[in-house]
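Coordinates in review
Each chain, written out:
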Amino acid sequence: MLSILVCHSYFLSLDHKQLERGKPYPPLATLHVAAMLRKAGYQVSFFDAMIADDVGEFDRKLALVGPQVVLFYEDTFNFLSKMCLGIMRSAACRMIGAARRAGARVVAAGPDVSDAAAPYLLAGADVTLIGEGLSALMELLARLASRPAAAAMELTEGLGGVNLLRHDKVTTLFGARLLPTPEYEGFAAWDLVDMDRYRSVWYDTHGYFSLNMAASRGCSFRCAWCAKPTWGNHYLQREASDVALEMAYLRRSFDPQHIWFADDIFGFRVGWVTDFAQALNAAGGGVRFTIQTRADLISERMAQALRSADCHEAWIGAESGSQRVLDAMNKGTTVAEILTARDRLRTAGIRVGFFIQLGYLGEKIEDIVATRALLQGGRPDEIGVSVSYPLPGTPFYELVKAQLGGKTRWQESNDLEMMFHGTYTSDFYRSIRGLLHEQVALQSAVRNQAGNSACERAARALERRWQELLRNESKYRSSPGGRTLAVR
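Residues numbered from 1 in each chain as written. Predicted model: local features only at pLDDT ≥ 70, side-chain atom pairs only at ≥ 80, totals over all residues. Heavy atoms only, no water.

As a further point, take the overall build of the protein chain. Assigned secondary structure in the protein chain consists of 19 helices and 15 strands. Taken against the 2.2 N^0.38 rule, which gives 23 Å for 488 residues, the C-alpha radius of gyration of the protein chain at 23 Å falls within 12% of a compact globule. In terms of its C-alpha atoms, the protein chain occupies a principal-axis envelope of roughly 75 × 60 × 40 Å. Partitioning the intrachain contacts of the protein chain with sequence separation of at least 6 by distance along the chain shows that 77% fall at a separation of at least 24. (Helix = DSSP H or I, 4+ residues; strand = E, 2+ residues; numbered from the N terminus. Rg over C-alpha atoms; globule rule 2.2 N^0.38 Å. Contact = heavy atoms within 4.5 Å.)

Given below as structure tokens:
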């Protein structure tokens with residue numbers, strides 16, 4: 001029986017911003033693949049970088065387990081893995097080198113691996129997978145089980161969707177395929193997770209425990225800036241009853257007080273969400289949860305269906321209050337739809353977060369003012385603010401790649417350096433980010449303390465700062481060829 005150490009390389013301990021934030025989640029995609037491999041009869045062990053103290057912990061795990069194969073399968077539900085942080089690439093390459101020195105065969109997969117296979121192959125990986133790569137992975141492992149000493153060229157003969165080195169150059173064998181949905185059904189390998197370590201971080205930082213789930217993979221929409229290195233434009237959804245049973249299992253086994261659904265789009269169809277709510281009731285109830293969704297999917301029926309399933313909070317990819325910017329992004333939604341979705345979710349008793357993106361190519365001051373107006377009119381409960389990040393393989397990346405210098409990725413999530421020529425300087429974007437956050441916090445305070453004189457004074461002071469920044473916006477324009485800093 002082939003022994004496989006399944007792992008990933010996102011170390012919370014290396015990402016100072018996220019470490020301070022204190023919201024670690026187990027690597028879902030990695031755990032689903034581990035579950036698949038066990039079902040296929042392989043001997044599976046697991047190394048979880050998320051809660052590891054350092055990269056040296058992997059070395060100790062490797063020595064303890066002594067696997068024949070080490071599979072690096074990055075968590076494609078983790079947006080920071082999709083961003084391909086430089087420090088995590090370095091960690092992965094160090095781990096690959098250690099695995100090869102220990103005599104293991106190495107297979108690697110993930111968004112960065114799909115976009116840039118060379119560093120992983122040069123570090124010692126035998127083969128890298130393109131996209132999700134599960135069909136190629138299963139065939140490759142079957143070949144390794146019967147021919148453990150075979151060279152990479154022999155192992156991949158006739159196999160599509162992989163990369164390997166030939167004469168020190170990357171050779172791509174095309175034909176990447178998605179694994180049919182039924183073979184991905186079922187629970188993640190939750191028993192491999194050290195829940196006590198996760199629970200400890202959550203309780204120490206936030207006073208409650210949250211776990212993550214995924215009801216689907218991928219997104220069928222075509223926003224110009226959104227990376228599709230793993231699933232393309234496919235949307236693969238699990239059975240509602242299967243997801244409900246998994247949530248009930250997590251509730252009984254680990255007692256989380258909250259679930260974060262990591263899907264790009266949760267639910268999609270009202271019928272699926274209704275079925276999910278009914279299946280939860282039949283399973284004895286679920287756990288309150290947070291989702292990500294799109295404004296144009298929130299009909300009145302959808303809002304009520306989410307409420308019946310105990311959805312506590314929905315994050316909408318609002319991005320901008322400017323229709324011109326939304327159209328440039330190929331977002332496919334309107335400002336009116338964002339406001340309508342907010343109203344429908346509020347009526348259903350669901351908290352709403354807006355994801356806002358500043359600095360998209362060609363954004364002007366009037367677009368930023370329109371985004372402020374969106375927050376004033378929509379009054380979200382919370383916002384997340386970022387600046388456009390060019391991810392390889394996206395239409396947005398193609399638009400700005402001629403402007404990219406030597407740095408093409410953030411080193412860690414608080415690196416925050418924008419890699420193309422933006423309209424404004426970093427100081428301006430940071431100031432706008434701060435003002436938007438203050439505005440939303442103040443709006444919340446005013447709702448809770450109507451007529452409070454302190455809130456009224458704060459509102460006037462905030463307005464003065466807005467006007468001062470807008471009057472002086474020309475001073476903050478980025479010089480040609482200059483760079484701006486991204487904010488979050």
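What follows concerns the sheet that holds strand β11 (residues 258-261). Reading across the sheet, the six strands line up as β8-β11-β12-β13-β14-β15 and stay open at both edges, with parallel pairing between neighbours. The open sheet is flanked by β8 (210-213) and β15 (382-387), the only strands paired with a single partner. On average, each strand axis in the sheet is inclined to that of its neighbour by 20°, with strand direction left out of account. One ladder, built from five bridges, connects strand β12 (residues 289-293) with strand β13 (residues 311-319); its direction is parallel. Bridge pairing in β13 links T290 to E313. Taken strand by strand, helix α11 (residues 240-254) contacts β8, β11 and β12, and its axis lies near 155° from that of β8. (Pairing = 2+ DSSP bridges. Axes fitted to C-alpha atoms, helices over the stretch in contact; angles between N-to-C directions.)

Tallying each qualifying case throughout the model produces 27 salt bridges. Of the charged contacts, one joins E154 and R147 as a salt bridge, the two residues approaching to 3.2 Å between their closest N and O atoms. By relative accessible area, which is 32% here, R147 ends up partly exposed. Residue R351 is joined to E313 by a salt bridge in which the shortest nitrogen-to-oxygen separation is 3.0 Å. Of this pair, R351 sits in strand β14 (residues 351-358) while E313 sits in strand β13, placing them 38 residues apart in sequence. (Salt bridge = Lys/Arg side-chain N within 4 Å of Asp/Glu carboxyl O. Buried < 20%, exposed > 50% of the residue type's maximum accessible area, 1.4 Å probe, protein only.)

With that settled, consider the environment of R21. In this fold, R21 is placed in helix α1 (residues 16-21). Relative accessible area serves as the criterion here: at 42%, R21 is assigned to the partly exposed category. Taking C-alpha positions, R21 is 32 Å from G133, a pair spaced 112 residues apart along the chain.

Now for the packing of helix α16 (residues 365-378) against helix α18 (residues 426-448). Between α16 and α18, whose axes approach to 10 Å, the crossing angle comes to 15°. Considered as vectors, α16 and α18 are oriented roughly parallel to each other. For the element pair α16 and α18, the recorded crossing hand is right-handed. Touching I365, I368, R372, L375 and Q376 of α16 are F428, I432, L436, Q439, V440 and Q443, all from α18. Tallied by class, the residues present in the contact of α16 with α18 amount to seven nonpolar, three polar and one charged. (Parallel < 35°, antiparallel > 145°, perpendicular 65-115°, else oblique. Left-handed = near helix turned anticlockwise from the far one by under 90°. Nonpolar A, V, L, I, M, F, W, Y, C, P; charged D, E, K, R; others polar.)

For the structure on display, the rule yields zero disulfides. Its sulfur unpaired, C219 is 6.2 Å from the next cysteine sulfur, which belongs to C226. (Disulfide = S-S within 2.5 Å.)

Looking now at the nonpolar core. Judged by nonpolar contacts, the single largest core of 143 residues is most densely connected at F261 and F276. Examining the composition of this core, we find that nine residues originate from one element, helix α5 (residues 86-101), more than from any other. Leaving out residues up to four positions away in the same chain, F276 has contacts with A240, V243, A244, M247, F261, F266, F289 and A309. The next biggest cluster of nonpolar side chains, apart from the first, holds eleven residues, and it includes W225, F396, L404 and F420. (Core = buried A, V, L, I, M, F, W, Y, C linked by side-chain atoms within 4.5 Å.)

Taken as a whole and assessed by the stated rule, the structure comprises 23 aromatic pairs. Between F266 and F289, the ring centres sit 5.5 Å apart and the planes meet at 50°, which makes this aromatic pair tilted. Of this pair, F266 sits in the loop between β11 and α12 (270-282) while F289 sits in strand β12; the two residues are 23 residues apart in sequence, bridging distant segments of the chain. Classification of F289 as buried rests on a relative accessible area of 0%. With a centroid separation of 6.3 Å and 70° between ring planes, the pair formed by F428 and Y429 is classed as edge-to-face. By relative accessible area, which is 0% here, F428 ends up buried. (Phe/Tyr/Trp six-rings, centres within 6.5 Å; stacked < 30°, edge-to-face > 60°.)

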